[in-house]
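# Close look at the chain arrangement
So you can see what is in the structure, the chains are spelled out below.
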Amino acid sequence: MTLTRTKDILADLIAFETVSADSNLEIIRFLTNHLQTLGARCIETRDETGKKANVFATLGPDIPGGILLSGHTDVVPVADQDWTSDPFEMVERDGRLYGRGTCDMKGFIAASLAFAEALDVEKLTQPLHFAFTYDEETGCLGAQNLVNDLSERGIVPDIAIIGEPTEMRVIEGHKGCFEYTTRFTGLEGHSSAPDDGVNAAEYAARYVSKLLELRHVLKSRAPAGNLFEPPWTTINVGFFNGGVAHNVIASKAEIGWEMRPVQASDADLVNQTLSDYVTHTLLPEMQAVHPEASITQDVVAEVQGLEPMEDNAARKLVAELTGANGTGTVAFATEAGLFQQLGVHAIVCGPGSITQAHRADEYVEIEQLDLCCRMLDRLGRRLTA
Ligand SMILES: [Zn+2]
């Protein structure tokens, strides 16, 4: 019975303390061994420190296409959260499984492994792929690395199911999430002689004004009939720091801002417009007074959105498997957009609710895991028919 196996495997997965800041090599070794025992061909990709890894595994025939089940192995921290029981020891209470990652998203990974065990691999008519990644919670860094590697190898599955918690609803879209910190360095001086200095706070303010102008442009670019709420790309200035005193020209300022694009072309437009503004207007003015003045930018995250597509084979397949009547969008970002950019038809569908994720006493309902197992069981029958 795959539900029982799913619970057993989930208990094992929860015991790996895979908070994003720490190495995930142990859980990747566990997953790789597990899949290799079933006959999978595995590819590992690592980050530059060598302490984080993805595994991409394939069962079945060595031909193009196939179905991909994808999940991230990292979890958010438990520090400063008040847990009833040890977050890294799975506990069953009242039809729920408690533990960090039960819902987001080791439950889906456990169900995928139990599904693979129960499958008659010899009978697979198309490849069945698994992608288990690192650093999703810190900006989908692992999946980006994995997708680059797959692209180089020419591996493009037909369909991807990203098992983030959607209460098993079929989600065909989410906005992207692009976060930046932009830093301005000018020249300090006495406030009584503004022309002798370069006021970083004032240049930062002009940069923010440009962002606000773009906000209006973006509203007018919302694709007709799109499902997002609000239906356009949004911009937010999250923090703005700079300067030291009333009577001193501010030599440093920084802005933390983000945009949530509904389409990739919006993100390109924003970044191009700002880059032109910096290169052709702000920097030349700053450097005319002080050649060392600078504007630099840290990319905190650039998570691609999942754009709803009229013809999405993944949506069609998973709607049939789950019996879902409709599809929807969600307000959180996932790895699905990266797979879509690779050319894969992708959707998000997994057990548990996002409202149970990231909090103390995170849990997944056993009933949700059961629904997931049933969906995968139906998938298995199709793939081995
Ligand atoms: Zn997640």
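Residues numbered from 1 in each chain as written. Predicted model: local features only at pLDDT ≥ 70, side-chain atom pairs only at ≥ 80, totals over all residues. Heavy atoms only, no water.

### Remarks on the sheet that holds strand S15 (residues 363-365)
As a reminder, the rule being used: Here, a strand pair is defined by DSSP locating no fewer than two bridges between the strands. Secondary structure elements are taken from DSSP: a helix is a run of H or I of four residues or more, a strand is a run of E of two residues or more, and numbering for both begins at the N terminus. For every element, the axis is a line fit to its C-alpha atoms; helices are fit only across the contacting stretch, and the angle between N-to-C directions ranges from 0 to 180 degrees. Contacts were defined at the residue level, with two residues in contact if any of their heavy atoms lie within 4.5 Å.
Strand order across the open sheet formed by three strands is S4-S5-S15, with antiparallel pairing between neighbours. Only two strands of the sheet have a single neighbouring strand rather than two, namely strand S4 (91-93) and S15. Direction aside, the axes of adjacent strands within the sheet are offset by 25° on average. Across the sheet, helix H3 (residues 102-118) is in contact with strand S5 (96-98) and S15; its angle to S15 comes to roughly 55°.

### Focus on the environment of Lys210
Formally: To sort residues, take the accessible area from a 1.4 Å probe on protein chains only and compare it with the maximum for the residue type: under 20% means buried, over 50% means exposed, and anything in between is partly exposed.
The topology assignment puts Lys210 in helix H5 (residues 200-220). The class for Lys210 is buried, based on a relative accessible area of 17%. Taking the C-alpha atoms as reference points, Lys210 and Thr273, 63 residues apart in sequence, are found 8.7 Å from one another. With residues up to four places along the chain from it excluded, the contact list for Lys210 reads Thr273, Leu274 and Tyr277.

### Some remarks on the sheet that holds strand S11 (residues 252-260)
Within a sheet, neighbouring strands are paired by backbone hydrogen bonds and run either parallel or antiparallel to one another. Taken in spatial order, the four strands of this open sheet run S10-S11-S9-S12, and their pairing is antiparallel. Each having just a single partner strand, strand S10 (234-242) and strand S12 (294-303) make up the two edges of the open sheet. Taken over all neighbouring pairs, the strand axes of this sheet differ in orientation by 15° on average, direction set aside. Of the pairings in the sheet, the one linking S10 to S11 comprises eight bridges and is antiparallel in character. Within S11, the residue paired with Val237 across the bridge is Trp257. Seen against the sheet, helix H6 (residues 264-289) touches strand S9 (177-185), S10, S11 and S12 and runs at an angle of roughly 170° to S12.

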